[in-house]
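# Observations on the three-dimensional arrangement
So the chains spell out like this:
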Amino acid sequence: MTDEIVRVLTKDAPVKAMAITGRDLTERARQIHKTLPVATAALGRALMACSMMGDQLKGEGSSVTLRFRGDGPLGSITAVSDVGGEVRGYVQEPAVILPARADGKLNVGGAVGKTGTLTVIKDLDMKEPYVGTVPLVSGEIAEDVTDYFAVSEQIPTACALGVLVDADQSVLRAGGYLIQLLPDAGEDVIERVEAGVKKLGPVTAALLEDGVDAEELLRRTLSGFELEVVERHPVSYRCPCSRERVSTALVSMGRDELTALIREQGRAELTCQFCDRVYAFDRRELEDLLHRATH
C-alpha cells in the first residue's frame, strides 16, 4: 500500500480533515539515518505531521519546516515538506535507547523531552517566512502539533500520529490524521469530533486491521459525519539535494573562505544531512567554483 494523503470535507458540519499513511517514508528515513526504534517513531511522527502541513500550503515553491527542540536525549528533530507533502528530515541523535513506557509503548515523549520548543517555519515564497514557536507540551509530537495550531494559528485541531516498529526494528505501520474545525463550528460539532477520536483509539491499532488506509482512518474517526473526499495523492520521503545545489552553496561561501579551503585541504566532502548523500570536490573543481565566485 503506497503512502498517501487523503483530504476530506464534512458535508454536514464546518470541519476539514486529512489523513496520511507513512510506512514507506518512515522506513526510508530509518534506513538513511540508521535510527533505533524510539528515534524511528519520533522522526516518523514528525515527518508525517510535516507532510500534512506542507500539503495544506498553496503556491509552488512553498515549504514548511518543523523543528522540535526538547531536553530529551534525541536532541533536535527537523522535518521539511513541500506543497505536495514530499518530506525529508533527520534526528540529531538517532541511536538513543530508552526503556518502554509502563504500557509497553515506545517512550517518544521521554526521548524528545517535555521541556523545549516546537518551531514552525512556513516559507510561502515571499520576502520573509512565517515563524511560530510554542513550548512543547508533551514531546509526543501529535499533542505538540495540536497545541501549535491552537496557540499560533487559533485553529481548534485534533492530531494523532503513530509509528509501529516491528521486532526486526523495521517500520510495520505508520499513519495519522489532522482534523480541524472551521469558523462557526459549535459545541455540538466539537463533541462529535471528540467522540470519534476517542472511539477510534490509537492510530497504529486501527492501521493494523486489513483494509484500513488513510481514507478509512478518516471515515472511522469521523463516522458521525457525512464525508466528501476532495483530494488524494501519494507522498514519499524525498530529498531534492543535487551536486549543483551543493556547488552553489560552496560558491556562496565567498572568495576568501573558498581560497582558504583550497589552500588548507585541497578538496571538500559535503554530506547532505537529510539523505546522507556525499558530494566530493577535488582541487580542480574547487578552483572552478572559486572562478565562479569571483566573476
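Structural data are supplied above this passage.
The following refers to the structure shown.

Attention now goes to the packing of helix α5 (residues 187-200) against helix α7 (residues 214-221). It is the contact of α5 with α7, at a shortest axis distance of 8 Å, that shows an interaxial angle of 120 degrees. Accordingly, the angle class assigned to the pair α5 and α7 is oblique. Residues Gly196, Val197 and Leu200 of α5 pack against Leu217, Arg220 and Thr221 of α7. Of the residues that constitute the contact of α5 with α7, the class distribution is three nonpolar, two polar and one charged.

Working note: a packed helix pair is described by the angle between its axes plus the distance between those axes. Across the interface, helix α8 (residues 243-252) lies against helix α10 (residues 283-293) with an axial gap of 9 Å and an inter-helix angle of 60 degrees. Judged by the inter-axis angle, α8 sits oblique to α10. As for the relative orientation of α8 and α10, their crossing is right-handed in sense. The residues of α10 that touch α8, namely those facing Arg243, Glu244, Ser247, Thr248, Leu250 and Val251, are Glu285, Leu286, Leu289, Arg292 and Ala293.

One can expect most non-glycine residues to show negative phi and most peptide bonds to be in trans. Residues other than glycine seldom take positive phi values, yet Gln154 does so here, at roughly 50 degrees. Mapping Gln154 onto the fold places it in the loop between α4 (142-152) and β8 (157-165). Of the residues examined, Gln154 reaches a relative accessible area of 58% and is grouped as exposed. Its identity as a non-glycine residue notwithstanding, Asp276 has a phi of 65 degrees, on the positive side. Take Asp276: it is sitting in the loop between β11 (268-271) and β12 (278-281).

Rules and cut-offs
Residues numbered from 1 in each chain as written. Predicted model: local features only at pLDDT ≥ 70, side-chain atom pairs only at ≥ 80, totals over all residues. Heavy atoms only, no water. Axes fitted to C-alpha atoms, helices over the stretch in contact; angles between N-to-C directions. Helix = DSSP H or I, 4+ residues; strand = E, 2+ residues; numbered from the N terminus. Parallel < 35°, antiparallel > 145°, perpendicular 65-115°, else oblique. Contact = heavy atoms within 4.5 Å. Nonpolar A, V, L, I, M, F, W, Y, C, P; charged D, E, K, R; others polar. Left-handed = near helix turned anticlockwise from the far one by under 90°. Buried < 20%, exposed > 50% of the residue type's maximum accessible area, 1.4 Å probe, protein only.

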